[in-house]
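Close look at the chain arrangement
Next come the chains, spelled out residue by residue.
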Amino acid sequence: MSLSHRAGYVVGVLITLLALVCQARVHSHGRFVRTEGTRFVVHESDFVFNGFNSYWMMHVAAEPSERHKVSSTFREAAGAGLSVCRTWAFSDGGDRALQISPGVYAERVFQALDFVISEASRHGIRLILSLVNNFKDYGGRAQYVEWARNAGVNVNGEDDFYTNPTMKEYYKNHVKKVIRRLNTITKIAYKDDPTIMAWELMNEPRCLQADYSGRMVNGWVQEMASFVKSLDNKHLLEIGMEGFYGDSMPERKVNNPGYQVGTDFITNNLIKEIDFTTIHAYPDIWLSGQNDSAQMAFMQRWMETHSIDSNRILKKPLVLAEFGKSNKYVQHELEIAVPTASTNHTSKRKLRRPVPNQHFPKDLKTPIRPTMLGIPRNESSPGNNIPLRHFIKQLAGVIQ
């Protein structure tokens, strides 16, 4: 979802479902997160995480006097049991741009990203780094189109981003620049740093004019996923998808919120270089004309269907990478059962809005974006003591 639509959203609550919160937070430096089937693992142990979205990290850190906001966010998020942060590794054109023009970078802003990664490592938080935006915020596809047109390239629209050789080369050059970056603080190349959990190809890819079926985006994902893995086979890779179904399984399109966006959850995630699947959920935006009951019924179908398909068809872990609801409900606390790793008993934990607003950039209303969490693999997985249907009921208390 674009930042303009996200404005006014409350922070969500991250819930771990397979192990104690503290178990996910502690990781050994030097060990990368991997996948084994539908599990995330670190050094043969399950890695189960709470996470949060803070797109603004690099942008704020580009101003040295503001870097304390990054540090305090990581510190307090870690204290609240959050162990993964999803943030931008792009800023194309505009204010505090990382990439000023194709292949031209602001070292000051790159050093800001260095700082974000070093601070995340210092607080035991891993990062999911997104490499470009579908939307115009921080440049996105629109900026690539503008650059190509300024270079004399014939471009019909933003969907040409997925097929035009010039724009694909721009994107690959950016990917290469980021992955091969040597951190000026840690002296570790990004491609060798286990603080980075995963790369994300694009925030919420869509293709709304040229091809609704998902085939055009699929071709782009295949090419770029192969390219990323050719540069870095240590880190995980995901697409950044919202979860919309396409034409490969027409019967699944009934689970979409009434429309398609040019992606295909099944075929896009079947690409072997993609390590785990993601979905986003904003039911009161996607189903704005329906009541809370209808929106929660959609949420249940959305999560159940994607959980089943990730488990049975794709055989990959699933992460609910963003969810939220408008802030008419400002009080945000939930007591929820958290299953322990070694017993069939559960403990009660109160999970609160993890970081106070005064630590955030004053122009950002919801700096920790609605949430990220791993969804239970199936109803009978060892250690998964909360059936998915019960978890969804508990989640309803968070986003209502």
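Here, residues in each chain are numbered from 1, in the same order as that chain's written sequence. Owing to the predicted nature of the model, reporting of local features is limited to residues with pLDDT of at least 70; listing and counting of side-chain atom pairs is limited to 80 or more, with chain, interface and lining totals taken over all residues. Derived side-chain values reflect all non-hydrogen atoms in the structure, with water molecules and hydrogen atoms excluded from consideration.

1. Regarding the overall build of the protein chain
Across its full length, the protein chain holds twelve helices and 15 strands. Relative accessibility decides the category of a residue: with a 1.4 Å probe and only protein chains considered, values under 20% of the type maximum give buried, values over 50% give exposed, and everything between is partly exposed. The proportion of buried residues among the 400 residues of the protein chain is 62%. Put simply, of all contacts in the protein chain between residues at least 6 apart along the chain, 75% involve residues at least 24 apart. Counting only carbon and sulfur atoms, one obtains 48% of the accessible surface of the protein chain, whose full area is about 15300 Å². Helix and strand definitions follow DSSP, with helices as H or I runs of at least four residues and strands as E runs of at least two, each counted in order from the N terminus. Every residue pair with non-hydrogen atoms within 4.5 Å of one another is taken to be in contact. The Shrake-Rupley method, run with a 1.4 Å probe sphere, supplies the accessible areas, and residue values consider only the shown protein chains as cover.

2. A look at the packing of aromatic side chains
Ring pairs shown here join Phe, Tyr and Trp side chains whose ring centres sit within 6.5 Å, with only the six-membered ring taken for Trp; geometry is labelled stacked below 30 degrees between planes, edge-to-face above 60, and tilted in between. In total, this model carries 22 aromatic pairs according to the counting rule given. Geometrically, the ring pair formed by Tyr 144 and Tyr 170 is tilted, given 6.5 Å between the ring centres and 50 degrees between the ring planes. On the criterion of sequence distance, the pair formed by Tyr 144 in helix H6 (residues 140–150) and Tyr 170 in helix H7 (residues 165–179) is long-range, its members being 26 residues apart. There is no split in this pair, since Tyr 144 and Tyr 170 are both buried. Taken together, Tyr 144, Trp 147, Phe 161, Tyr 162, Tyr 170, Tyr 171 and Trp 220 form an aromatic cluster joined through their ring pairs. A cation over a ring is seen here: Arg 67 above Phe 115, with NZ or CZ 4.8 Å from the ring centre. We note Lys 172 situated over the ring of Phe 227; from NZ or CZ to the ring centre the distance is 5.5 Å. Should the NZ of a Lys or the CZ of an Arg lie within 6 Å of a ring centre and within 35 degrees of the ring normal, that charge is described as sitting over the ring.

3. What about the nonpolar core?
Counting residues in hydrophobic clusters, the biggest one holds 87 residues, and the most contacted among them are Phe 74, Phe 161, Tyr 171, Trp 199, Leu 201 and Trp 220. Buried residues of nine kinds, namely Ala, Val, Leu, Ile, Met, Phe, Trp, Tyr and Cys, make up a nonpolar core once their side-chain atoms join them within 4.5 Å. In this structure, Val 42, Val 84, Ile 128 and Ala 198 belong to the second largest nonpolar core, which totals 13 residues.

4. Quick word on the packing of helix H4 (residues 67–79) against helix H5 (residues 107–122)
To get an axis, fit a line to the C-alpha atoms, keeping to the stretch in contact for a helix; angles then go from 0 to 180 degrees between the N-to-C directions. H5 packs onto H4 with a crossing angle of 25 degrees between their chain directions and a minimal axis gap of 9 Å. Judged on the interaxial angle alone, H5 and H4 are roughly parallel. The way H4 lies across H5 gives a crossing that is right-handed. Where H4 approaches H5, its residues Arg 67, Val 70, Ser 71 and Phe 74 are matched on the opposing element by Gln 111, Ala 112, Phe 115, Val 116, Glu 119, Ala 120 and Arg 122. Along the lines of polarity and charge, the residues of the contact of H4 with H5 split into six nonpolar, two polar and three charged. An angle below 35 degrees is read as roughly parallel, one above 145 as roughly antiparallel, one from 65 to 115 as roughly perpendicular, and any other as oblique. Crossings are assigned a handedness: left-handed for a near helix turned anticlockwise from the far helix by less than a right angle, right-handed for a clockwise turn. For this classification, the nonpolar set comprises Ala, Val, Leu, Ile, Met, Phe, Trp, Tyr, Cys and Pro, the charged set comprises Asp, Glu, Lys and Arg, and every other residue, Gly included, is treated as polar.

5. Here we look at the confidence of the model for the protein chain
Residue-level confidence of the predictor is summarised by pLDDT, bounded by 0 at the bottom and 100 at the top. Scored by pLDDT, the protein chain comes out at a mean of 81, with 74% of its residues at no less than 70. In this model residues 7–28 is a low-confidence stretch, pLDDT under 50, and it forms 89 contacts with partners more than four residues away in sequence or in other chains. The low-confidence segment residues 329–370 (pLDDT under 50) makes 116 contacts with residues lying over four places distant or belonging to another chain.

6. Quick word on the pattern of salt bridges
Oppositely charged side chains can form a pair if their charged atoms are brought close together. What counts as a salt bridge is simple: a side-chain nitrogen of Lys or Arg found within 4 Å of a carboxyl oxygen of Asp or Glu. Scanning all chains against the criterion turns up 20 salt bridges. Glu 36 is the salt-bridge partner of Arg 34, the closest N and O atoms lying 3.4 Å from each other. Overall, Arg 34 belongs to the partly exposed group, its relative accessible area being 30%. Exposure remark for Glu 36: the relative accessible area of 30% places this residue in the partly exposed category. Of the charged contacts in the structure, one is a salt bridge between Lys 69 and Glu 66, with a shortest N-O distance of 2.3 Å.

7. Describing the pairing of strand E5 (residues 84–88)
The element E5 is largely enclosed, with a buried count of five among its five residues. Neither face of E5 is open: one carries Val 84, Arg 86 and Trp 88, the other Cys 85 and Thr 87, and all of them are buried. Pairing between two strands is assigned when DSSP locates at least 2 bridges connecting them. Sheet topology note: the strand E4 (residues 50–53)/E5 ladder contains three bridges and is parallel. When the bridges of E5 are listed, Gly 51 appears paired with Val 84. Here E5 pairs with strand E8 (residues 126–130) via five bridges, running parallel. In the sheet register, Arg 86 faces E8, and the bridge partner there is Ile 128.

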